[in-house]
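Descriptive analysis of the structure
Listed below are the residues making up each chain.
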Protein chains: 2
Amino acid sequence: MDHVTGCRCVRCGAHYHAYPNTTTCLCGGMLDVEYDYDYVRSHMTRTALEARPHDMWRYRELLPIEPDTPAPPLRVGWTPLYRADELASRLGLKSLYVKDDGLNPTASLKDRASAMAVAKASEAGASVIACSSTGNAASSLAGNAAAAGFETYIFVPSRAPQGKVAQLMIFGAHVISVEGTYEDTFALSAQAIEKYGWYNRNAAINPYLAEGKKTVSLEIAEQMGWRVPDYVAVSVGDGCTIAGVWKGFRDLYETGYINRLPRLISVQAQGCCPLNRSLHTGEPWTPMEENTLADSIAVGVPRNADKALQAVRASNGIAVEVSDQEILEAMALLGRTQGVFGEPAGVAATAGVKKAVEQGLIERDATVVTIVTGNGLKDVQSGIRAAGAPMSVTPDMDSLLAAFDKAGLHP
Amino acid sequence: MDHVTGCRCVRCGAHYHAYPNTTTCLCGGMLDVEYDYDYVRSHMTRTALEARPHDMWRYRELLPIEPDTPAPPLRVGWTPLYRADELASRLGLKSLYVKDDGLNPTASLKDRASAMAVAKASEAGASVIACSSTGNAASSLAGNAAAAGFETYIFVPSRAPQGKVAQLMIFGAHVISVEGTYEDTFALSAQAIEKYGWYNRNAAINPYLAEGKKTVSLEIAEQMGWRVPDYVAVSVGDGCTIAGVWKGFRDLYETGYINRLPRLISVQAQGCCPLNRSLHTGEPWTPMEENTLADSIAVGVPRNADKALQAVRASNGIAVEVSDQEILEAMALLGRTQGVFGEPAGVAATAGVKKAVEQGLIERDATVVTIVTGNGLKDVQSGIRAAGAPMSVTPDMDSLLAAFDKAGLHP
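Residues numbered from 1 in each chain as written. Chains lettered and ligands numbered in written order. Predicted model: local features only at pLDDT ≥ 70, side-chain atom pairs only at ≥ 80, totals over all residues. Heavy atoms only, no water.

What follows is about the sheet that holds strand β14 (residues 391–393) of chain B. Backbone-to-backbone hydrogen bonds pair the strands of a sheet. The strands run either parallel or antiparallel. Strand order in this open sheet of five strands is β9(A)-β6(A)-β7(A)-β8(A)-β14(B), and the pairing throughout is parallel. Lying at the two open borders of the sheet, with one neighbouring strand each, are β9 (199–200) of chain A together with β14 of chain B. In this structure, strand β8 (residues 174–178) of chain A lies alongside β14 of chain B, joined through three bridges in parallel fashion. Bridge pairing links S177 of chain A to S392 of chain B in β14 of chain B. Contacting β6 (128–132), β7 (151–157), β8 and β9 of chain A together with β14 of chain B, helix α7 (residues 182–196) of chain A runs over the sheet at an angle of about 155 degrees to β7 of chain A. The strands touched by helix α16 (residues 397–406) of chain B are β7 and β8 of chain A together with β14 of chain B; relative to β14 of chain B, the strand with the most contacts, the crossing angle is about 155 degrees. (Pairing = 2+ DSSP bridges. Helix = DSSP H or I, 4+ residues; strand = E, 2+ residues; numbered from the N terminus. Contact = heavy atoms within 4.5 Å. Axes fitted to C-alpha atoms, helices over the stretch in contact; angles between N-to-C directions.)

With that settled, consider the relation of the copies chain A and chain B. Relative to chain B, chain A is turned by 179 degrees and slid 0.1 Å along the rotation axis, the superposed coordinates differing by an RMSD of 0.8 Å. One copy is carried onto the other by what is essentially a two-fold rotation axis. When you check the interface residues of chain A against chain B, 97% turn up at the interface there too, and the contact is symmetric in its surfaces. (Least-squares fit on C-alpha atoms with pLDDT ≥ 70 in both.)

The next subject is the side chain of T367 of chain A. Residues and elements named next belong to chain A. Relative to the helices and strands, T367 is located in strand β13 (residues 367–372). The buried category is assigned to T367, whose relative accessible area is 16%. Setting aside anything within four residues of it in sequence, one finds T367 in contact with S95, Y97, M224, P229, D230 and Y231. (Buried < 20%, exposed > 50% of the residue type's maximum accessible area, 1.4 Å probe, protein only.)

In this complex, chain A contributes 72 residues to the contact, which on the side of chain B involves 70 residues. Summed over both sides, the interface between chain A and chain B buries roughly 6,000 Å², with carbon and sulfur atoms accounting for 68% of that surface. Of all residues in chain A, R75, I170 and L377 of chain A give up the largest surface area on contact with chain B, accounting jointly for 12% of the area buried on that side. The tally of links between chain A and chain B comes to zero salt bridges. The tally of links from chain A across to chain B stands at 18 residue pairs in polar contact (both at pLDDT 80 or more). (Buried area = accessible area lost by both parts, 1.4 Å probe. Salt bridge = Lys/Arg side-chain N within 4 Å of Asp/Glu carboxyl O. Polar contact = N/O pair within 3.5 Å; in protein donor to acceptor, adjacent residues only side chain to side chain.)

Residue and element names in this part refer to chain A. As summarised here, the arrangement of the six strands in space is β4-β5-β13-β10-β11-β12, forming an open sheet in which the pairing is mixed. The two strands at the open ends of the sheet, each matched to only one other strand, are β4 (81–83) and β12 (318–322). Adjacent strand axes in the sheet meet at a mean angle of 25 degrees when their direction is disregarded. When β4 meets strand β5 (residues 95–100), the two strands line up antiparallel, connected through three bridges. Each bridged residue has a counterpart across the sheet, and for R83 the counterpart in β5 is Y97.

Here we come to the confidence of the model for chain A. Averaged over all residues, the pLDDT of chain A equals 95, while 100% of them reach at least 70. Among the scores for the predicted complex, ipTM is 0.95 and pTM is 0.96. (pLDDT = per-residue confidence, 0-100.)

This is the structure in structure tokens:
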């Protein structure tokens, strides 16, 4: 990889060669991939970009893969960026954009990371990829790996919801349901990965996943004609996504594609906000309980804390916490004004934007992008909680009119 | 609309002007939109196409909208077409492509029709749109209309899956759940639409919806470099989709974009196959009960029978019926080989391709496209039935090894 100069530990600064199966620093810190921006600048020109397919691999010079590594089969990325004027006006903002990453192949932003894992596993000569997760990381790995002909072993705690396990099984993953906590599950997966030499897609370990995720920012900038929003709001759990979002903008800044950087809005659930708590207090983060219905960001022990905190601070960012009720309201608001159905964790960022405007944390004439990280179809029960039940009628006009009356509708 | 010459009744041949709210023929027959193909040929050139956005509106000259009607906000169409070599080899076919229309904004092919309905409602000066549907037509209308600022009234039979109803409610539709069959639901919606003068998005009535749906064929042809597959397999319920699929290929043939036409494979569920029964016997179709888990194609009284039967016959097509068990197996097969999770009705076409190969109805060296019409996340319960249960272990390596042994796995 001529364009990758190596990996640097975000904790101690140690430098490593970027092998396909490079993991963490000896000190335990996560690694960050570094690029030769001169190379990128001269090869990834605007003209070159114009001719390329609309998926995450169009930014190949900014991705840590060999020039001849084939893009995995599923079409990941280039999700729509909607200008959301009605929603902006309801929130009292001048300009708001919604990036609907729930339209990725397995319906979440995690497809960007999993597709990267598949590409790197192929470079590593692996035929099996493994991870532990209860949700989107697992289903995106299972789907992207299946399409590329890889076998997957996926460890889930036995409390994992049936629906998510079903998605894994449909994609043909070997799913191991572990009777224990998430920590037990993670530990067993680590032992098995060590024993069998499987390629490791745990976000706590693999430095390439954030590089996949950063493509969401590259797309936002390109879809906005290389103008930079004032703020980008991201739902935050483990920290990997917001770190990736920041990395994407930083890369574009370094290569001259953009001339300033946005401020990040880190949105966490009130019931589980260890990173935001640290951002507010300036103290090191400490674990929290996981009390929120937004399961994808219910992470009491965030594994990418270093990268995430560095990103928000470097961007002069903002930290906002939202209640479950505010998250449910944001689900309905996004659906009703923009036709976008996000899962609870996926819309937490939007709830955070609403709150940040109300609290005067961001200016009303700002341009804001909110990233919807996952599709609401993944968690229909929360959709029902957010949206209420339909009118029920017997098949006759009298019953219909009575129902309209009861609902206060006068069509 | 310079490029639209009018609408013709597919039953009696009567000709009508194409007004935005034109519905059926006085004889009760469905109307088919007709184009000035000379106009299309001279305006929709390959060079013109190259510069256009990748969504269904890129084929504007082949769509029945005014030149200045804005495209509705959600990004509908240009879903991926995957070359599915592993699946082809498992089915014993030389060449198979999967068109994943579950990646549309509300996760089904019906977004193509609903976006068209929104465009036509806007031309008609309407502010409310209504329909009855088993699910996907409804959720797609709700989402596309919400994004464009229209109010919607949507009638669903009470058996519609929770996921689909949740989608409707999130999108802010007024949802009327009717305790009765699809037929009862349709009748009640027709009465209410008549009473209140809402814009009608019922596929049984509105001639423009098939024109939206046909964009799936325009895309398939363009994504294949204007080569034409030998067969296109479509799940069939009401008949509107397969009629649209045929119309798309016919349009391209008339304009000279392609030089031959594919044969259609009409796939219905064994438990509800009134159209296929007619295709097999040559007799007029008669109603059937709705005994299949594939809810989106459980249509005992198909409303687009004329158009659908004409399409399959004109294409020298094939009719195949599949059992619910075969549908579930196709769900798992598509997931495991291609990373595509389709809903039962969405994968029925693929089950039909498998059966058609086994029965020698199609040649093993044929090139086949199978359209996945809806996302499996819409019906997770069927996913669970299709996919089986995971291995269950205690958090230690001995338990894991025993589970691998029992499952016959040797990692």
